[in-house]
Amino acid sequence: MKYLAFLLFMLTVPAANFLIGNFGAVCLENGPCLIPVGFGLMAPSGVLMIGLALVLRDWLQELTNWKWSAFAVSVGAVVSWLVADPFIAVASAVAFFTAEMFDLAVYTPLRKSGRALAVLVSGIVGAIVDSILFVYIAFGSLEFSSGNVVGKLYATFAVVAALYAWRKYATLSRNTDKSQTGA
């Protein structure tokens, strides 16, 4: 399972960078391809993939440790260089690595308070740091930072909701099993 988590996490960076240059509702000349993320905001099209990456990093840490995450970010940056504009790849690598270190610093101590809380707070921190750094480094502007944060948080909120639902389901299942066995 840890190898699957590593592979999925590592591939999110090059996939996001490929999307930014090739797919979107609108593609700006010498700029990113954009998608609407709600609230009248637009974001570079790789935003949802990076939102997923922030959550996958937490999963990878659950299965391994922070060193696996750092290695996955490094490998992802190299693969990005091969599939995306090198300038985008460098901006992505710097922003993503920095955001992942912030995410890691928040997730690890909060994990003791519960997985859902740790995923939620670390996802918010990682989304903000990654969004500001990437958009500024890649495009010299903060114009799409707000949309970038919103898009990334969609993935975080979806996973937190799924974790909450899973925990409730598991608790109900355990209670049902106990009542059926007379325990």
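Whatever comes next refers back to the structure up there.
Since this is a predicted model, take the numbers as computed values, not measurements.

A. Spotlight on the side chain of Ser131. Note that Ser131 resides in helix H5 (residues 115–139). Excluding anything up to four places from it in sequence, Ser131 contacts Ser145, Asn148, Val149 and Lys152.

B. Just the pattern of salt bridges, in detail. Considering all chains together, one arrives at three salt bridges under this definition. Across the salt bridge formed by Arg115 and Glu62, the nearest N and O atoms sit 3.4 Å from each other. Of this pair, Arg115 sits in helix H5 while Glu62 sits in helix H2 (residues 47–63), placing them 53 residues apart in sequence. Judged by relative accessible area, which is 29%, Glu62 ranks as partly exposed.

C. Highlighting the sheet that holds strand S1 (residues 26–27). Pairing is antiparallel in the open sheet, where three strands are placed in the order S1-S2-S3. Both outer strands of the open sheet, S1 and strand S3 (41–44), are each paired with one neighbouring strand and no more. Bridge count for strand S2 (residues 33–38) against S3 is four bridges, and the pairing is antiparallel. Counted as the bridge partner of Gly38 is Leu41 from S3.

D. Layout of the packing of aromatic side chains. Enumeration according to the criterion identifies seven aromatic pairs in this entry. Residues Phe6 and Phe71 carry aromatic rings whose centres are separated by 5.7 Å and whose planes lie at 20° to one another, so their mutual orientation is stacked. With a gap of 65 residues between them, Phe6 in helix H1 (residues 2–22) and Phe71 in helix H3 (residues 66–83) connect regions that are remote in the sequence. Under the relative-accessibility criterion, Phe6 is labelled buried at 14%.

Rules used throughout
- Residues numbered from 1 in each chain as written.
- Predicted model: local features only at pLDDT ≥ 70, side-chain atom pairs only at ≥ 80, totals over all residues.
- Heavy atoms only, no water.
- Helix = DSSP H or I, 4+ residues; strand = E, 2+ residues; numbered from the N terminus.
- Contact = heavy atoms within 4.5 Å.
- Salt bridge = Lys/Arg side-chain N within 4 Å of Asp/Glu carboxyl O.
- Buried < 20%, exposed > 50% of the residue type's maximum accessible area, 1.4 Å probe, protein only.
- Pairing = 2+ DSSP bridges.
- Phe/Tyr/Trp six-rings, centres within 6.5 Å; stacked < 30°, edge-to-face > 60°.

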